[in-house]
Amino acid sequence: MGSLFRSEEMTLCQLFLQSEAAYACVSELGELGLVQFRDLNPDVNAFQRKFVNEVRRCDEMERKLRYLEKEIKKDGIPMLDTGESPEAPQPREMIDLEATFEKLENELREVNQNAEALKRNFLELTELKHILRKTQVFFDEQEGGLNTTTESMTRALITDEVRTGHSMGPVQLGFMEKSNEREDYYPCFVAGVISREKLPAFERMLWRACRGNVFLRQAMIESPLEDPSNGDQVYKSVFIIFFQGDQLKTRVKKICEGFRATLYPCPEAPADRREMAMGVMTRIEDLNTVLGQTQDHRHRVLVAAAKNLKNWFVKVRKIKAIYHTLNLFNLDVTQKCLIAECWVPVLDIETIQLALRRGTERSGSSVPPILNRMQTFENPPTYNRTNKFTKAFQALIDAYGVATYREMNPAPYTIITFPFLFAVMFGDLGHGAIMALFGLWMIRKEKGLAAQKTDNEIWNIFFGGRYIIFLMGVFSMYTGLIYNDIFSKSLNIFGSHWEVNYNKSTVLENKYLQLNPETSDYLGTPYPFGMDPIWQVAGANKIIFQNAYKMKISIIFGVIHMIFGVTMSYHNHTYFKNRLSLIFEFIPQLVFLLFLFFYMVLLMFIKWNRYAATNKPPYSASCAPSILITFIDMVLFNTPKPVPEGCEVYMFGGQHFFQVVFVLIAVACIPVMLLGKPLQIMKQRKHANVQPITGSDAEVGMSNGQPAAHGGGGHHDEEEMSEIFIHQGIHTIEYVLGSVSHTASYLRLWALSLAHAQLAEVLWNMVLSIGLKQEGWFGGIMLTIVFAFWAILTVGILVLMEGLSAFLHTLRLHWVEFQSKFYQGTGYAFQPFSFDAIIENGSAASSTENE
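Keep in mind it's a predicted model, so treat the numbers as computed, not measured.

Enquirer: Would you explain the environment of Ala755 in this entry?
Expert: Assignment of secondary structure puts Ala755 in helix H22 (residues 748–772). Between the C-alpha atoms of Ala755 and Glu802, which are 47 residues apart in sequence, the distance is 9.3 Å.

Here it is, written out as C-alpha cells:
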C-alpha cells in the first residue's frame, strides 16, 4: 500500500563528506529536510566537540540580535518580514556578520548610555527648577510668619506625643540668625526632592530623630518625572528642612541619604535664586535639543536594523544548526573526511544525492560525497508524509502514540470517521454552519493568519485544526439535515407526511397527544430525506422516538467501526508475514465480533424491515421483540418469554438454531485466541529444538531498515513461554471484555446527541421565545436584546463547550475503541534536520540534536 496508509520505508545510510565540503552539503540537506542524523559521539561532552567554538560564536551573535530586537520592540518599530528564508551564509561570511552585529551593539549601547546620562542631567535640572519655584513660597512664609509656623509645629509635636506616649523635647528653631562674631549668615536649611510615596515615613523619621528640632515643608510636583534608568514615571515632592547647628545638619543629611532623597543647592537670597532659575531654564532647553537629536539618531539606527533583523536571525540560526549537526559527525583517521550516519526515506535517496552534489559544487570541492545504504538491526523511525490538510489528522493519531514502523496508519480513515462520529453527536444544521464558517474563514485567510506569529496557545490549536473544524461543521450540517434540527427547530422542505385530524384547540391544550402511525394521521409514505418535521412538535412521544432511533444507529455505527478496526489488523499481519497472529488472533477476533455483535445489528435491520404499526400479526408493532432482551437470552441460552396471541417468538425461521450455533462458535473462539498461538510457538520450539536466545527473529530478519515481523505477533524466540502465555491471556481477556464495553461505549453517540438537542431546545424556549412573544416597539427592542443574549449563549455553550465535549468523546472512540483493534503506536517519530522546523521553533539545537 502507498505511503498514505503506511509510514515511509526508511533506510540507514552512511555519509562520507570532505571537510571543506561538509558545511555546504549539510546546508543543502537542511534546506531539503529529509535526513535525520544520528549522534556518533554520544560520550563526548558538548564543550569538547570539534565545532564548539563556532557554536559559541553563533550564541554570541544571537545574544546581540536579541538585544537589538528588545530595543526595537521597546520603540515600537515594525520589523520587516518578507516571509522568505535566506540561504545559510558561508563560513567566511560569519566574520562580516559578527562585525556588523558588534558595530550595531556598541553604537546602540553608546547612544543609550549617552541618552541615559542626558536624561539624568535633565531630571536633575528639572528637579532643581521645581525646588527654586516651590521654595520661594516657603521663604516668604518664613520671613512673614515665624510665630505662626512655630505654633503649628508645636501643635503637631503635642499630637505626636499623645499618639506615641513619648515626649520629643522642646521646640527650638533658629531660622536665619546672624552670628555675633561673623558678618555672614549661618546656613540652617536644606532643600531637595523625594519620591512621594516615601514622604510620610521620611517626615516621621526626621521628626523623631531630630527630637522636633527641625521643621519640614513640602509641596507636590504635579507632573510625573521620568526615571532615566528604567523609563518609569515617578511622582515626587519638593521639600525644605529648617534646622539649627552642624549636628542637626549632619543628621538630616544622613536621613535624606537613607531615603534616597536628592539634595540640591538653594541660594538664600531671592536675587540669586532668580538668576539660578534662569540659568537652569536655559540649560533645560539646550538639553531638550540634544536629547531630541540623540533619540533621532537612535531611532535611525534601530529602523535600519529592523529591516534586516528577521533575515539575520534566520542566517544565524541556520549557521548554528549546521555546526550543531557537524558536531554529530566523526572524523576519519586522516582528519580530512567527516563520517555521518542518517535515516533517510528510500524514495528520496536520489533527491538527497542531488542536494549533496549541489553542496559539493558550492564549496568548490573536487571529491564527491559518498552515500551508502547500511544493514541494521535497529527499528527505523516512523515518517508519514503530510500536507497542510492531513497534518492535523496525523497529529491526532500521533498524540496517542507514534505508529510502529510500517504498520497501518489510521490517519487517512480518521479524515472521514472522525468528523462523521463528531457530527452524530453534534447534529444541528445551525450550529454546524457556525463551525463550518469559522473553519472556512481560517482556511481562506490561512496565509495572513499564519504570518501573524502569536504565543496564544488556544488560537494556535484552533488554527492548526482549521480543516478538522471545517469538516466537523460540514458533517454536522449533514446530520442536522438528517435529524431535521436547526437551532432546535425543523425545516419543512418536502411537506410533512402526517396529518393532524384534530381541531386547533385540542392540539394546543392537550399536551399528551401522541403520533400514532396506526391511525389515518400517517399518510403511509416516509419523509423523503431525514426525519419528518412533525416530530419536532410531537411533545409526548418525540423523546421516545428519537431515543430509540439514535440509540440503535449508535450501536450500528459502533459495531461497523470496530469490525473495520479488526479488518485493519489483517493488513498488518499479512504485510509483516505474521501467520500465527493471522490464524490465531485475527480470524477468531473477527468471528467473535461478527457472530455476536454484528448479528445483533442484523436483528435491528430485520426488525425495522419486518415489523410495522400498519402490519397485522405476527408482524405488527405490538409483536416486535426487544433486541436487547433477545440478545441477552441468546447469550445466556434463556427460554424466550411468552408473547401475545397471534405473535411469534422469533423474527425468522431457524433463529434459535442460528443463535445457539453463533454463541457456541463465539465461545469456542476464546480458547483459540488464548491458547492457539502459545501452543503453536511451543510446538515449533520443540520440533526445532530451539532454546531461548537473546535477540528476536524480527530483528534478525530486518533488511535495509524493514522488519520481518510486527510487534506482538512476531517471532518470540527471545521470550520465555510463561511470558508468552501471560501476554496472550491479557490480550484475550482485554479483547473479549473490551468487545462488550466498547460496544456500550458507542452509546455516547446517542447520549450526547440527545443532550445537545435538548439543550438547544431549552435555550430556545427559555431565552429566544421570550423576545419573540413581545409585540410593538417594545417587542423590537426586547427581541434585539434577547437575541444578542441567545446568540452569545449559543456560540459559547452549544458550539464551543458542546463542540469541545463532542470532540473529546470522538477522540476517545478513535483512540480506544477503534485503534486498539490494530494499532500499537510504539514507534518514534522521524525528526529530520530541517531549517524550516528550526526557524519555526526558534531554536537550532531543538531539531538537530537527537538522543
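Enquirer: Where do I start with unusual backbone geometry in this structure?
Expert: Leave glycine aside and you will find that most residues have negative phi; peptide bonds, for their part, are mostly trans. Here the bond from Pro617 into Pro618 is cis, since omega is 10 degrees, no more than 30 degrees from zero. Positive phi, close to 55 degrees, is recorded for Arg211, a residue that is not glycine. Residue position: Arg211 is located in the loop between helix H5 (199–209) and strand S4 (215–220). What makes Arg211 exposed here is its relative accessible area of 53%.

Enquirer: Just to check I follow, could you spell out the environment of Leu287 for this structure?
Expert: Structurally, Leu287 can be placed in helix H7 (residues 270–326). Remark: the alpha-carbon pair of Leu287 and Leu118, spanning 169 residues in sequence, is separated by 7.1 Å. Not counting residues within four places of it along the chain, the set of residues in contact with Leu287 comprises Leu118, Asn121, Phe122 and Leu125.

Enquirer: Teacher, can you tell me more about the sheet that holds S4 here?
Expert: Sheet strands associate in pairs through backbone hydrogen bonding, adopting either a parallel or an antiparallel arrangement. Taken in spatial order, the 4 strands make up an open sheet running S4-S7-S3-S8, and their pairing is antiparallel. The outermost strands of the open sheet, each flanked by one partner alone, are S4 and strand S8 (262–264). Within the sheet, the average angular offset between the axes of one strand and its neighbour, ignoring direction, is 25 degrees. Sheet topology note: the S4/strand S7 (residues 236–242) ladder contains 6 bridges and is antiparallel. Following the sheet pairing, Gln218 is matched in S7 by Phe239.

Enquirer: Explain the packing of helix H17 (residues 579–610) against helix H21 (residues 721–745) to me, please; I cannot follow it from the model alone.
Expert: Packed helix pairs are characterised by how far apart their axes lie and by the angle those axes make with each other. Close contact between H17 and H21 brings their axes to 11 Å; oriented N to C, the two are set at 20 degrees. What the angle tells us is that H17 and H21 run roughly parallel. As H17 packs across H21, the resulting crossing turns out to be right-handed. Taking contact as the criterion, the partners of Glu585, Gln589, Leu590, Phe592, Leu593, Phe597 and Met600 in H17 are, on H21, Gln728, His731, Tyr735, Val736, Ser739, Val740 and Thr743.

Enquirer: What is the right way to read the pairing of S7 from this model?
Expert: On any regular strand, side chains alternate: one points to one face of the sheet, the next to the other face. S7 sits mainly inside the fold: 7 of its 7 residues count as buried. The two faces of S7 match: Lys236, Val238, Ile240 and Phe242 on one face and Ser237, Phe239 and Ile241 on the other face are all buried. The pairing of strand S3 (residues 189–195) with S7 spans 7 bridges and is classified as antiparallel. Across the sheet, residue Ala191 finds its bridge partner in S7, namely Ile240.

Enquirer: Mind showing me how you'd approach the side chain of Ser365 here?
Expert: Positionally, Ser365 belongs in the loop between helix H8 (349–363) and strand S11 (370–374). Assessed through its relative accessible area of 13%, Ser365 is described here as buried.

Enquirer: Would you mind going over helix H6 (residues 246–258) with me for this structure?
Expert: Along an α-helix, residues three or four apart share an orientation, since each turn contains 3.6 residues. The first and last C-alpha atoms of H6 sit 18 Å apart over 13 residues, in line with the 18 Å expected at 1.5 Å per residue. Along H6, the positions that sit buried rather than exposed are Leu248, Val252, Ile255 and Cys256. For H6, the angular spread of the buried residues around the axis is 100 degrees, confining them to a single face. Exposed residues pointing more than 90 degrees away from the buried face of H6 are listed as Asp246, Gln247, Lys254, Glu257 and Gly258. Within two residues after H6, Arg260 carries a phi angle of roughly 55 degrees, on the positive side.

The rules we used
- Residues numbered from 1 in each chain as written.
- Predicted model: local features only at pLDDT ≥ 70, side-chain atom pairs only at ≥ 80, totals over all residues.
- Heavy atoms only, no water.
- Helix = DSSP H or I, 4+ residues; strand = E, 2+ residues; numbered from the N terminus.
- Buried < 20%, exposed > 50% of the residue type's maximum accessible area, 1.4 Å probe, protein only.
- Contact = heavy atoms within 4.5 Å.
- Pairing = 2+ DSSP bridges.
- Axes fitted to C-alpha atoms, helices over the stretch in contact; angles between N-to-C directions.
- Parallel < 35°, antiparallel > 145°, perpendicular 65-115°, else oblique.
- Left-handed = near helix turned anticlockwise from the far one by under 90°.
- Expected span 1.5 Å × (residues − 1).
- Arc of directions from axis to C-beta.

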